[in-house]
Amino acid sequence: MTPMFYLFRTQNGLWLPDYLRLRHPDFEKAYDLLEVDKLAILGKNGIPPPCIDNTDSTTCKQPLARVKSFLGMIHDNSYHILGNAGQCLGYEFYSASNIITFLQDSVFSYQEFIPDYRLRPVIRVFMKPFILNCPKDCYTSAALPLLIKLCPYMLQRLSGKWQIINSRFQIGIEHDDDNPESQEVLEDQLTRQLTREYIELLAYGLTKKSHSDAQTDDIGMEDTEITKPTPHKEDSLSELGHLCMKTDALFPSMLFCIFNGLSWNDTMVCQRCFSLCWPMVKQLLLDGVMTSEAAVFVFSSVLSGLQLHGQHEGSQANLLNLALQLYEALRPQFIEVKEILIQIPNVSKPAVENFDDKILQSCPQKQLPEKKKKEALKNIVFEIIGKNLGQQFRREVHYKNLPPLFKPRRKNNTSIVESESSGKDIGLCSLFQPNSD
């Protein structure tokens, strides 16, 4: 049973459980992020981490440091035990009576009070192994209830955080005195890591990934740079993915989060969301549940991602391919998709009509090749494709052919012989006259 307690409002406007007021003032920061984890998140590998174990060091003798380390280890070890229980106990763990209800009431209770650095182990250490090791017979009874509990909340939480981050990049919001710049950088990195972990969890649940693939992806989770986009040949959902797409309480939150992720200011998140977009839309079309509102949303989300990430060559190519793929699949049923292209600035309606006629051409002999289609779509959406900072404020050339400042003198091409024959004395004969002296 979840304990009943009252809530009270803090200075920053958050509602917290009433029992937190029972803490001693010296231990108010006991639940904060450990310094060693903070340094790891910020990438400051050159700075030696503080001592967190129980040694003879004077640092570890501080009560606050010992309590903070103890609470952090208890939290992480608890989720490690739950995450490994599925792999070690197998079917008996997933089929145990009331186990799902217990997990919902304990792990996912009061999620709004869990900070990002505590929520990340819940997804990475517990939910990923739980989904990967779940038997097929327990998909409906075990995996879906936990995803229904988690996914709608994560959509709400991540959307709010990324709205703040994107606006901070666009208009440059100044930080408050209570929230210094270093804290904003830490919160930004925590949001990015939490988003990548959650999108990876959705990939494990929706697509056909093996356990070895999951381990390979976990090894590369800490990479922050993208060298080259990896093509995803798998465009179908797994058995659990089909069940998720048929669950009305689950698939909208997954769909919104994945397509909204295309326009979040993180290239790695965009790449991971890109691999999940087409399988989900394809399944909705096959099930016949795709609506005109959903079609407009998914196509507009791809164009929004192209506007933000178009400056990267790999992301631009992937998003253009996805946009063309979605247009070819959605346009025959939903004419609203064509109206989105017409609303792009500086795009003429005849150009969109010409492109639309070529896409809808039923005769195979008259259809354009894929390369021509991509070029035609790129010409239409060229105005909204994102550009890097060096290209955004480039001065436009208004006069291509300026008039010359000085007119060149006209050269006389008349030869000397022609001048003499015409009777004009140029002094040539006087050179051969004898000197009178």
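Novice: Any chance you could explain the overall build of the protein here in plain terms?
Specialist: For the protein, the count of helices and strands is 18 helices and 2 strands. The 437 residues of the protein split such that 38% are buried. For the protein, the proportion of contacts with a sequence separation of at least 24, taken over those separated by at least 6, is 72%. With an accessible surface of roughly 27100 Å², the protein has 53% of that area assigned to carbon and sulfur atoms.

Novice: Explanation requested: the pattern of salt bridges in the structure shown.
Specialist: Oppositely charged side chains are able to pair whenever their charged atoms sit close together. All chains considered together, the criterion is met by 14 salt bridges. Glu239 is the salt-bridge partner of Lys136, the closest N and O atoms lying 4.0 Å from each other. Within this pair, whereas Lys136 is found in the loop between α5 (116-132) and α6 (139-171), its partner Glu239 is found in helix α9 (residues 239-245), the two being separated by 103 residues in sequence. A relative accessible area of 56% places Lys136 in the exposed class. Using a relative accessible area of 42% as the deciding quantity, one classes Glu239 as partly exposed.

Novice: Whenever I open this one, the packing of aromatic side chains confuses me. Can you help?
Specialist: Each pair of aromatic rings is reported with the distance of its centres and the angle of its planes. Within the structure shown, the criterion is met by 10 aromatic pairs. Through pairs of rings, three or more aromatic residues link up here, namely Phe93, Tyr94, Phe126 and Phe130.

Novice: Looking at this model, I keep getting lost on the state of the cysteines. Mind explaining?
Specialist: Linking two cysteines covalently via their sulfur atoms produces the bond known as a disulfide. Evaluation of the coordinates by the stated rule reveals 0 disulfides. Distance from the sulfur of Cys138, which forms no disulfide, to the nearest cysteine sulfur (Cys134) is 5.4 Å.

The rules behind the values
- Once a new chain begins, its residue numbering starts again from 1 and follows that chain's sequence as written.
- Only residues with pLDDT of at least 70 are given local features in this predicted model, and only at 80 or more are side-chain atom pairs given and counted; all residues enter the totals for whole chains, interfaces and linings.
- With hydrogens and water stripped out, all remaining heavy atoms of the structure feed into the side-chain values.
- Elements are defined by DSSP. Helices are runs of H or I of four residues or more, strands are runs of E of two residues or more, and each kind is numbered from the N terminus.
- Think of it in three bands: with a 1.4 Å probe and only protein chains considered, a residue is buried below 20% of the maximum accessible area for its type, exposed above 50%, and partly exposed in between.
- Only heavy atoms enter the contact rule, under which two residues are in contact if any of them lie within 4.5 Å.
- For every accessible area listed, the method is Shrake-Rupley and the probe measures 1.4 Å; residues are considered covered only by the protein chains on display.
- Salt bridges, as used here, are contacts in which a Lys or Arg side-chain nitrogen is within 4 Å of a carboxyl oxygen on Asp or Glu.
- Centres within 6.5 Å are what make two rings of Phe, Tyr or Trp a pair, Trp counting through its six-membered ring; a difference in plane orientation under 30 degrees is then read as stacked, over 60 as edge-to-face, and the rest as tilted.
- By definition, disulfides here are pairs of cysteine sulfur atoms that lie within 2.5 Å.

Function-wise, these values are silent; they only describe arrangement.
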